[in-house]
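Breakdown of the fold
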Amino acid sequence: MLDAFSRTVVSADAKTAPVGGSDLASLRSYVQDGNKRLDAVNAITSNAYCIVSDAVTGMICENTGLIQAGGNCYPTRRMAACLRDGEIVLRYISYALLAGDASVLDDRCLNGLKETYIALGVPTQSAARAVAIMKSAATALIGQTNSPASGGAKYRKMETTQGDCSALVAEAGSYFDRVIGAIS
Amino acid sequence: MKSVVTTVVTAADAAGRFPSQNDLEAVQGNIQRAAARLEAAEKLAAGLDNVTREAGDACFNKYAYLRQPGEAGDSQVKVDKCYRDLGHYLRLINYCLIVGGTGPLDEWGIAGAREVYRTLGLPTNAYIEALTYTRDRACAPRDMSPQALNEFKSYLDYAINALS
């Protein structure tokens, strides 16, 4: 498993060159935006249950066949497995966001996930849709672009310092896209 | 690669939980010290060749017998390899300063070093002398800020202790 710092080191080692000069710029920005990153991770972990349950519910609402007899979220035992998987995916994304590198997500979550889902008969299209809903919820919470209109009764604004966190929103979004790309 | 973040994530993953408030605080502590580490890494990278040369010279000055026939540095090729190895150690220290942990030195420098040096009949004293010279030669604020120097020296000491 690597983080933003060890990733730089591993690629420098491949060239047997020390890390210096321009390589340090991205690491300095990681350090500078450190608190923002921790707030972003906190936004995901604090709302994990809400993000996951909303995503799975949304996925089912869009395709109610899933909870009819023969559907992949029927009976509750299989929907529970679905909720569990949503939480696992979100957890590895939160690790990747904390580390600033996707290797933990790739190695421990996505490696072989598609093959497993195909073997178990899980519809990857629906799974990808649930991840996409998680993406829009999580990025809205990190960027504080969620609104009472879109959140409804579950609307919640994270109480963090105001500022520009578009880079972190984009980075978090890229990890969700990575999951979608890996399973579809 | 062992670092604060990967340690925290490994522990959280083993327990199957999201990063907790404790984990975030641990990472925050690491980030707070990062500025000094990155400064030390930058200065070391910029002067790596000079530092390596001075360290190698110091070692051959103290152990002049190494250049005699039959010893570890009896030809220019062997001497060059000694300087190359010192450069490797300093480069790994540069990596440790970036990562904020001893992972790179442990994995790429120290693991197996004892066996290799014994097989090749190389004296580790010479390496210790070179790294000790580097440690004592470095000074603040000429080379880097005091806090950065402190980080740099702690990894030098780590390498020295591992070779001792």
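Everything numeric in this text was worked out from a predicted model, so none of it was measured.

**Overview of the overall build of chain B**
Looking only at helices and strands, one finds nine helices and zero strands in chain B. Start at the N end of chain B and walk to the C end: the helices and strands fall as α-α-α-α-α-α-α-α-α. Referenced to the eigenvectors of the C-alpha coordinate spread, the extents of chain B come out at roughly 60 × 40 × 20 Å. Within chain B, buried positions represent 49% of all 164 residues. Considering only intrachain contacts with a sequence separation of at least 6, the fraction spanning at least 24 residues in chain B is 68%.

**Side note on the state of the cysteines**
Residues and elements named next belong to chain A. In the structure shown here, the tally under the stated rule is zero disulfides over all chains. In this structure Cys73 is a free cysteine whose sulfur lies 4.2 Å from that of Cys82, the closest cysteine sulfur available. With relative accessibility at 5%, the residue Cys73 sits in the buried group.

**Some points on unusual backbone geometry**
The residue after Tyr74(A), namely Pro75(A), is reached through a cis peptide bond having omega -5 degrees. Checked against the element boundaries, Pro75(A) lands in the loop between helix 4 (48-62) and helix 5 (76-99). With an omega of 0 degrees, the peptide bond between Ala140(B) and Pro141(B) qualifies as cis. Of note, Pro141(B) is situated in the loop between helix 8 (124-137) and helix 9 (146-163). Although it is not a glycine, Thr16(A) sits at a positive phi angle of roughly 45 degrees. The topology assignment puts Thr16(A) in the loop between helix 1 (4-14) and helix 2 (24-32). The phi angle at Gln144(A) is positive, at roughly 55 degrees, despite the residue not being glycine. In this structure, Gln144(A) sits in the loop between helix 8 (124-143) and helix 9 (148-151).

**Thoughts on the interface of chain B and chain A**
If you look at the interface, chain B gives 33 residues, while chain A gives 37 residues. For the pair chain B and chain A, the summed buried surface comes to about 3,100 Å²; carbon and sulfur atoms form 70% of the total. Contact with chain A buries area across many residues of chain B, yet Asp13(B), Phe18(B) and Ile98(B) alone supply 21% of it, more than any other trio. Joining chain B to chain A, the criterion identifies four salt bridges. Ionic pairing is found between Glu42(B) and Arg28(A), a salt bridge with its closest N-O pair at 3.1 Å.

How each quantity is defined
Residues numbered from 1 in each chain as written. Chains lettered and ligands numbered in written order. Predicted model: local features only at pLDDT ≥ 70, side-chain atom pairs only at ≥ 80, totals over all residues. Heavy atoms only, no water. Helix = DSSP H or I, 4+ residues; strand = E, 2+ residues; numbered from the N terminus. Buried < 20%, exposed > 50% of the residue type's maximum accessible area, 1.4 Å probe, protein only. Contact = heavy atoms within 4.5 Å. Disulfide = S-S within 2.5 Å. Buried area = accessible area lost by both parts, 1.4 Å probe. Salt bridge = Lys/Arg side-chain N within 4 Å of Asp/Glu carboxyl O.

Purely geometric numbers; function is a separate question.
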